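These are the residues of each chain, in order.
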Amino acid sequence: MRIHAVHNLYQERLARSTRPFRARGCKVERCGYCMLREHLCICSEKPVINSSAAFLLVMYDDEILKPSNTGRLIADLFEDTFAYIWSRTEPNPAMLALLEDPQWQPYVVFPAEYAEPERVAENVAVDTGKRPLFIMLDGSWAEAKKMFRKSPYLNRFPVLSINPEKPSRYKVREASKENQLGTAEVAARIIDLYGEQRNADVLDLWFDVFRENYMTGKMNRMLPDESAMKQLKQYLAA
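Residues numbered from 1 in each chain as written. Predicted model: local features only at pLDDT ≥ 70, side-chain atom pairs only at ≥ 80, totals over all residues. Heavy atoms only, no water.

(A) Expanded view of the pairing of strand β1 (residues 54-59). When you tally the buried positions in β1, you get six out of six residues, the bulk of the element. Of the two faces of β1, the one carrying Ala54, Leu56 and Val58 and the one carrying Phe55, Leu57 and Met59 are both buried. In this sheet, strand β5 (residues 131-138) lies alongside β1 in parallel orientation, the contact comprising six bridges. Across the sheet, the residue bridging to phenylalanine 55 is phenylalanine 134, located in β5. Bridge count between β1 and strand β2 (residues 81-85): five bridges; the pairing is parallel. (Buried < 20%, exposed > 50% of the residue type's maximum accessible area, 1.4 Å probe, protein only. Helix = DSSP H or I, 4+ residues; strand = E, 2+ residues; numbered from the N terminus. Pairing = 2+ DSSP bridges.)

See the structure below:
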């Protein structure tokens, strides 16, 4: 199994914790990688894709510790995924260096209504020799808005937005807005906009697998009905 940036960040965050993280369900025995209950682990089923896109997950402090987080699903599939804990006053130097790397063309993924009109990009237009770096602000809706407002180093990058046509399928947490999507769902819409429709479909299906297994564990059932896993395998085999 490929160990990715979110796995490493999770271990780093645990190492500097001064007290145990007591989220709901914290006493459950979980896989340390997919964060599902051990008997519902999906790590061995992880799909493999090829993409020219990259992601930067800027995560609010405790978000990395939450089993319900879906940012890790992006890192599961997209090999060039970077992850850092957000800080208002001391942004990670490695993250700042990444944003300066000339191979990347960064886009901040956030609703257009919160950005100046001149920053809003309608499409992904990548210059010759560059690859898109999609910056995801990963946290609750209130936390994401705070990160967007108080990260001046992101202000020079265009803002890429989506208008979801359907409500989120994410039932693991309560959304503050009806059309608010999980992080992985947003990433799938962005990848589709970029033109990698198959990768968007696979990420959506992988999200469904995670959601189904997470809810199975939350309801204290032993096994999921596996309809999501069947759909993923059928799609990959087609």
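(B) Layout of the packing of helix α5 (residues 183-194) against helix α6 (residues 197-218). At a minimum axis distance of 7 Å, the contact between α5 and α6 shows a crossing angle of 165 degrees. Viewed along their axes, α5 and α6 adopt a mutual orientation that is roughly antiparallel. Like other packed secondary-structure pairs, α5 and α6 cross with a definite hand, here left-handed. Between α5, through Ala184, Glu185, Ala187, Ala188, Arg189, Ile191 and Asp192, and α6, the contact on the second element is made entirely by Gln197, Asn199, Ala200, Leu203, Asp204 and Phe207. Tallied by class, residues from the contact of α5 with α6 come to seven nonpolar, two polar and four charged. (Axes fitted to C-alpha atoms, helices over the stretch in contact; angles between N-to-C directions. Parallel < 35°, antiparallel > 145°, perpendicular 65-115°, else oblique. Left-handed = near helix turned anticlockwise from the far one by under 90°. Contact = heavy atoms within 4.5 Å. Nonpolar A, V, L, I, M, F, W, Y, C, P; charged D, E, K, R; others polar.)

(C) View of unusual backbone geometry. Positive phi, close to 70 degrees, is recorded for methionine 35, a residue that is not glycine. Of note, methionine 35 is situated in the loop between α1 (5-15) and β1.

(D) Region of interest: the side chain of asparagine 213. Position of asparagine 213 relative to the elements: it lies in helix α6. Residue classification places asparagine 213 among the buried residues on the basis of a relative accessible area of 8%. Among the polar contacts made by the side chain of asparagine 213, one reaches the main-chain carbonyl oxygen of leucine 40 at a distance of 3.0 Å. (Polar contact = N/O pair within 3.5 Å; in protein donor to acceptor, adjacent residues only side chain to side chain.)

(E) Here's a closer look at the packing of α6 against helix α7 (residues 227-237). Relative orientation of the contacting elements α6 and α7 amounts to 160 degrees, with a least axis distance of 8 Å. One finds that α6 runs roughly antiparallel with respect to α7. As for how α6 packs across α7, the hand of that crossing is left-handed. Judged by residue contacts, Arg198, Asp201, Val202, Leu205, Trp206, Asp208, Val209 and Glu212 of α6 engage Ser227, Ala228, Met229, Gln231, Leu232, Tyr235 and Leu236 from α7. Partitioned by chemical class, the residues of the contact of α6 with α7 number nine nonpolar, two polar and four charged.

(F) Fine view of α6. For α6, which comprises 22 residues, the first-to-last C-alpha distance of 31 Å matches the rise-based estimate of 32 Å (1.5 Å per residue) to within 8%. Counting buried positions along α6 gives 17 out of 22 residues, so the element sits mostly inside the fold. Where α6 ends, the next residue or the one after it, asparagine 220, has phi of about 60 degrees, a positive value. (Expected span 1.5 Å × (residues − 1).)

(G) Geometry of the packing of aromatic side chains. The final tally for this structure, using the stated rule, is eleven aromatic pairs. Seen from their ring centres, tyrosine 107 and phenylalanine 134 are 6.2 Å apart, and the 35 degrees between their planes marks the pair as tilted. Here phenylalanine 134 lies in strand β5 and tyrosine 107 lies in strand β3 (residues 104-109), a separation of 27 residues in the sequence. The burial state of tyrosine 107 is the same as that of phenylalanine 134; both residues are buried. Through successive ring pairs, a cluster of aromatic residues spans Phe55, Phe78, Tyr107, Phe134 and Tyr194. (Phe/Tyr/Trp six-rings, centres within 6.5 Å; stacked < 30°, edge-to-face > 60°.)

(H) Representation of the sheet that holds β5. Taken in spatial order, the six strands of this open sheet run β2-β1-β5-β3-β6-β4, and their pairing is parallel. The open sheet has two edge strands, β2 and β4 (120-121), and neither has a second partner. Packing of α5 onto the sheet brings it into contact with β1, β3, β5 and β6 (159-160), and relative to β5 it is tilted by some 160 degrees.

Everything listed is a geometric property; what it means functionally is a separate question.
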